[in-house]
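# Architecture and fold: a report
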Amino acid sequence: MLEIIIYFLTTIVLAIWLMVPAYIANPMAVVFGGGTPLDLGMKWPDGQRILGDGKTIKGLIGGTACGIVAGFFQIYLASIFSIQFIPTITVIITLSFGALLGDIVKSFFKRRIGFVRGAELPLIDQLDFVAGAWLLTYIFDPVWFTRHFISSPWIILTVLVLTPILHRLTNIFGYNIKLKKEPW
Ligand code: CTP
Ligand code: MG
């Protein structure tokens, strides 16, 4: 029984560890966001904004930069504590930038189906950045991605279950400190 609990907890800690750059990039886009929108205010032929005011240049750059800094800190920690699960520099970049790219692509489709900026799309709003981070990492470092995610389905499952919970908690916090307009 104890072994099962330890295995369970280890899986959760490892899943979070492997996702750190994405988990930092996503909320930091909210912290650094604002100002010029990525779509520069332009509209799609359907008359709606391409992305909307919720996706900004500062958010994309600030979020990506914070995720990358967090990833370098992980490499540093991994060398001190001889942790085996080390992100490569490519992976740090793809997890951070991919997370925000996933969020941007989500907003593009949200606008196309007529959801205004900020409207809630349950589960998709919470997992868009995971999908983007994983896809970009798989494309640029398939060996790392296969070793750390594809070959451990439990890690994938843990991330998919844990992320919406963490996302929700972070957003309720962001809403309470008036950083975010909606608690989702
Ligand atoms: N944000 C940003 N730039 C990004 C991502 C997020 O500036 N690339 C900031 C925006 O201020 C945004 C807030 O973070 O309003 C919350 O992000 P999110 O929930 O992803 O955007 P929404 O405003 O809900 O817009 P959408 O409906 O397009 O998801
Ligand atoms: Mg939102």
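The text that follows walks through the structure, step by step, so that each part is easy to find. Here the structure is a predicted model, which is why all the values come from computation and not from measurement.

Conventions used here
- Residues numbered from 1 in each chain as written.
- Chains lettered and ligands numbered in written order.
- Predicted model: local features only at pLDDT ≥ 70, side-chain atom pairs only at ≥ 80, totals over all residues.
- Heavy atoms only, no water.
- Helix = DSSP H or I, 4+ residues; strand = E, 2+ residues; numbered from the N terminus.
- Rg over C-alpha atoms; globule rule 2.2 N^0.38 Å.
- Salt bridge = Lys/Arg side-chain N within 4 Å of Asp/Glu carboxyl O.
- Near = heavy atom within 4 Å.
- Polar contact = N/O pair within 3.5 Å; in protein donor to acceptor, adjacent residues only side chain to side chain.
- Areas by Shrake-Rupley, 256 points an atom, 1.4 Å probe, with all protein chains shown as cover.
- Nonpolar A, V, L, I, M, F, W, Y, C, P; charged D, E, K, R; others polar.
- Patch = residues over 30% accessible without salt bridge, like charges linked within 9 Å, V, L, I, M, F, W, Y side chains within 5 Å.
- 1 Å grid on protein atoms, 1.4 Å probe; cavity = no way out; pocket = protein on both sides within 12 Å on 5 of 7 lines; lining within 4 Å.
- Points joined across faces, edges and corners; volume = space filled by probe spheres on them.
- Axes fitted to C-alpha atoms, helices over the stretch in contact; angles between N-to-C directions.
- Parallel < 35°, antiparallel > 145°, perpendicular 65-115°, else oblique.
- Left-handed = near helix turned anticlockwise from the far one by under 90°.
- Contact = heavy atoms within 4.5 Å.

Take the overall build of the protein next. Within the protein one finds six helices and zero strands. For the protein, the N- to C-terminal ordering of α and β elements is α-α-α-α-α-α. Relative to the globule expectation of 16 Å for 184 residues, the C-alpha radius of gyration of the protein, 17 Å, shows essentially globular dimensions. For the protein, the spread of C-alpha atoms along the principal axes amounts to about 55 × 35 × 30 Å.

As a further point, take the pattern of salt bridges. All chains considered together, the criterion is met by nine salt bridges. The partner of Asp 103 in a salt bridge is Lys 55, with the nearest N and O atoms 3.0 Å apart. Within this pair, whereas Asp 103 is found in helix 3 (residues 89-112), its partner Lys 55 is found in the loop between helix 1 (2-32) and helix 2 (57-80), the two being separated by 48 residues in sequence. Here Asp 128 makes a salt bridge to Lys 106, at a shortest N to O gap of 2.7 Å.

With that settled, the discussion passes to the site of ligand 1. Neighbouring residues of ligand 1: 18 residues in total, closest Lys 55, Thr 56, Ser 107, Arg 117 and Gly 118. Here an oxygen atom of ligand 1 sits 3.5 Å away from a polar atom, N or O, in the main chain of Gly 34. Take Gly 118: an N or O atom from its main chain is 2.7 Å from an oxygen atom of ligand 1. For ligand 1, whose free accessible area comes to 570 Å², the fraction covered by protein is 89%. Those elements that provide at least two residues to the shell around ligand 1 are helix 1, helix 2 and helix 3. Top contributing element to the shell around ligand 1 by residue count: helix 3, with five residues. For the shell around ligand 1, the class distribution of residues is four nonpolar, seven polar and seven charged.

Moving on to a nonpolar patch on the surface. A contiguous nonpolar surface patch, about 600 Å² in accessible area, is contributed by Phe 72, Ile 89, Ile 93, Phe 97, Leu 101, Val 105 and Phe 109. Of the residues forming the nonpolar patch, the biggest block, six residues, is contributed by helix 3. Mapped onto the elements of the fold, Phe 72 is located in helix 2.

What follows is about the layout of surface pockets. Size it by volume and the largest pocket reaches roughly 1,100 Å³. Lining of the largest pocket is provided by 46 residues; of these, Asn 26, Ala 29, Val 30, Asn 171 and Lys 180 occupy positions nearest its centre. Partitioned by chemical class, the residues of the lining of the largest pocket number 20 nonpolar, 14 polar and twelve charged. Approximately 180 Å³ is the volume attributed to the second largest pocket. Lining the second largest pocket we find Ile 4, Tyr 7, Phe 8, Thr 11, Ile 12, Trp 154, Leu 157, Thr 158, Val 161, Leu 162 and Ile 165. It is helix 6 (residues 153-176) that provides the largest number of residues to the lining of the second largest pocket, a total of six residues.

A separate point is empty space enclosed by the protein. According to the stated counting rule, one finds one cavity of 30 Å³ or more in the structure shown. Roughly 40 Å³ of internal volume is contained in the largest cavity. Taken together, Trp 17, Leu 18, Pro 21, Gln 74, Phe 85, Pro 87, Val 91, Leu 95 and Trp 144 make up the full set of residues lining the largest cavity. Of all the elements, helix 1 adds the most residues to the lining of the largest cavity, at three residues. Class assignment of the residues belonging to the lining of the largest cavity gives a composition of eight nonpolar, one polar and no charged.

The subject of this paragraph is the packing of helix 1 against helix 6. Orientation of helix 1 relative to helix 6, taken along the N-to-C sense of each, is 55°, at an axis distance of 9 Å. Between helix 1 and helix 6, the angle falls in the class oblique. Remark: the crossing between helix 1 and helix 6 carries right-handed chirality. Across from Tyr 7, Thr 11, Ile 12, Leu 14, Ala 15, Ile 16, Leu 18, Met 19, Tyr 23, Asn 26 and Pro 27 in helix 1, the residues of helix 6 making contact are Trp 154, Ile 155, Thr 158, Val 159, Leu 162, Thr 163, Leu 166, His 167 and Thr 170. For the contact of helix 1 with helix 6, the residue count by class is 14 nonpolar, six polar and no charged.

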